[in-house]
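Chain and residue survey
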Amino acid sequence: MLNGLRSWFYDEFKCENWGLHHPKPALYATSQWPIPHIVFIIYRALWATWFLIWIVMCGIDWIGLIPSMRTYPDETYNSENGPKWFIYLTHWAFTLVTVNCINQTSLAIEYYIKRRKVTSDDQLFLKMPLTYQLAWVIYNMSTCSPFIISGLYWGFVHSVDEHWVLTGVNFHTHAVQSIYTIIDLFITATPIRIYHMVFPLSCAIIYSGFTAAYFACGGTNIMGKNFIYPGLEWDKPGEALYICGVLVFCFTPLLHVFVYACHQLRIWLYHRCYGQPDYGNDDVITGEEVKEMNVVINSDATVDKSDLTPVLTLKTAIA
């Protein structure tokens, strides 16, 4: 147990983990589990389509195009409030999740097309592609932001703002994106690193600075008040700084640790199912590799069995 914790600590907190390189880029385009890759693509495409539909619905609701769907009071629907869609953290987060879904779908499709032309991932990737690095950054930002939105909305805003009503748009922007994130953390093979806490932290810092700048420029929310959210009222700087400090330096790091814990739980479950004894992100064998190993073991090719210890363990577990 102690050796396992020591191994995890040194593996997780080594200096190179600050970067965006990984020895197995295929992890970012595949499922953790040995399911057909085309099924994984369908899973990705369905979520991307779903979030695209609802971000459009969110825009339709914002401009009040369908009166029966309106989430906000009738007096808020005017031409001046249209651009204010972009000032709300909810919409920042929902956009991030939508972009991440589209990006992950494109990576899964690209991997499927290119992987069919080679015999192994080593032939496909000489190093971590720039597009995969960018996808990793977006993934890290989009996995924390939904929980921030759900926590702040259901914990504070919903209970004090009598103008808000529960509609399909409201539920999707404040709940469904968090539900999706939890599901995806246990499906995808994308690794999470503790050091990459800097990405969601950067988002929180940028948004906090934006709220202050917006107030300084005389901006108002859709109700005409000089703040975006209750509590972030910069005419009371002490209170606003306190809330921003809690959001940036307490809430966001804790949520990233929670996301990391979900990632480690997924790996543990994978080990329990397939018997892989190794530990750590870099040692994880994906579902695609499990299928490749079965092909190697069942083939007539002469191989050095000493090199296939984890493979044979997996074979035994699968059988």
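Read on for a plain summary of the structure. Keep in mind the model is a prediction, meaning the values are calculated, not measured.

Observations concerning the overall build of the chain
- A tally of helices and strands in the chain yields 10 helices and 0 strands.
- Tracing the chain from N to C terminus, the helices and strands come up as α-α-α-α-α-α-α-α-α-α.
- Counting all 319 residues of the chain, 49% fall into the buried class.
- Approximately 15,800 Å² of the chain is accessible, and the part contributed by carbon and sulfur atoms is 70%.

Digging into the side chain of Asn 103
- For Asn 103, the position within the fold is in helix H3 (residues 89-115).
- Contacts of Asn 103, omitting those with residues within four sequence positions, involve Ala 135 and Ile 138.

As for the environment of Val 99
- Examined against the element boundaries, Val 99 turns out to sit in helix H3.
- Exposure remark for Val 99: the relative accessible area of 39% places this residue in the partly exposed category.
- Separated by 51 residues in sequence, Val 99 and Ala 48 place their C-alpha atoms 8.2 Å apart.

Points about helix H2 (residues 37-63)
- The end-to-end C-alpha distance of H2 is 40 Å, a good match for the 39 Å that 27 residues give at a rise of 1.5 Å each.
- Of the residues trailing H2, Gly 64 is marked for its positive phi of about 70°.

Topic: the packing of aromatic side chains
- If you walk through the whole model with that rule in mind, you get 22 aromatic pairs.
- Aromatic side chains Phe 13 and Tyr 195 sit 5.7 Å apart centroid to centroid with 80° between the ring planes, which places their arrangement in the edge-to-face category. Separated by 182 residues along the polypeptide, Phe 13 in the loop between helix H1 (2-12) and H2 and Tyr 195 in the loop between helix H6 (168-185) and helix H7 (198-216) bring together distant segments of the chain.
- Residue classification places Phe 13 among the partly exposed residues on the basis of a relative accessible area of 28%.
- Overall, Tyr 195 belongs to the buried group, its relative accessible area being 15%.
- Both rings, one in Tyr 88 and one in Tyr 229, keep their centres 5.5 Å apart while their planes meet at 80°; by these two values the pair is edge-to-face. Taken together, the residues span a long stretch of sequence, with Tyr 88 in the loop between H2 and H3 and Tyr 229 in the loop between H7 and helix H8 (237-274) at a distance of 141 residues.
- By the ring-pair criterion, three or more aromatic residues cluster together here, those being Trp 47, Phe 51, Phe 94 and Tyr 180.

Considerations on the nonpolar core
- Counting residues in hydrophobic clusters, the biggest one holds 44 residues, and the most contacted among them are Trp 47, Phe 51, Tyr 88, Cys 101, Tyr 180, Ile 228 and Tyr 229.
- Those elements that provide at least two residues to this core are H2, H3, helix H5 (130-160), H6, H7 and H8.
- Of all the elements, H2 adds the most residues to this core, at 10 residues.
- Ala 26, Leu 107, Trp 136 and Met 141 belong to the second largest nonpolar core, which has 18 residues in total.

Conventions adopted
Per chain, residue numbering runs from 1 following the sequence as it is written. Given that this is a predicted model, residues contribute local features only at a pLDDT of at least 70 and side-chain atom pairs are listed and counted only at 80 or more, while totals for whole chains, interfaces and linings are drawn from all residues. With hydrogens and water excluded, all non-hydrogen atoms of the structure serve as input to the side-chain values. The secondary structure listing takes helices from DSSP runs of H or I that are at least 4 residues long and strands from runs of E that are at least 2 residues long, numbered from the N terminus. Whether a residue is buried, partly exposed or exposed follows from its accessible area with a 1.4 Å probe, protein chains only, as a fraction of its type maximum: under 20%, in between, or over 50%, in that order. Each accessible area value is a Shrake-Rupley result obtained with a 1.4 Å probe; residue values ignore everything except the protein chains displayed when judging cover. Whether two residues are in contact is decided by their heavy atoms, any of which lying within 4.5 Å being enough. Expected helix span is taken as 1.5 Å per residue step, with the number of steps being one fewer than the number of residues. Ring pairs shown here join Phe, Tyr and Trp side chains whose ring centres sit within 6.5 Å, with only the six-membered ring taken for Trp; geometry is labelled stacked below 30 degrees between planes, edge-to-face above 60, and tilted in between. Only buried residues count toward a nonpolar core, which is a set of Ala, Val, Leu, Ile, Met, Phe, Trp, Tyr and Cys residues joined through side-chain atoms within 4.5 Å.

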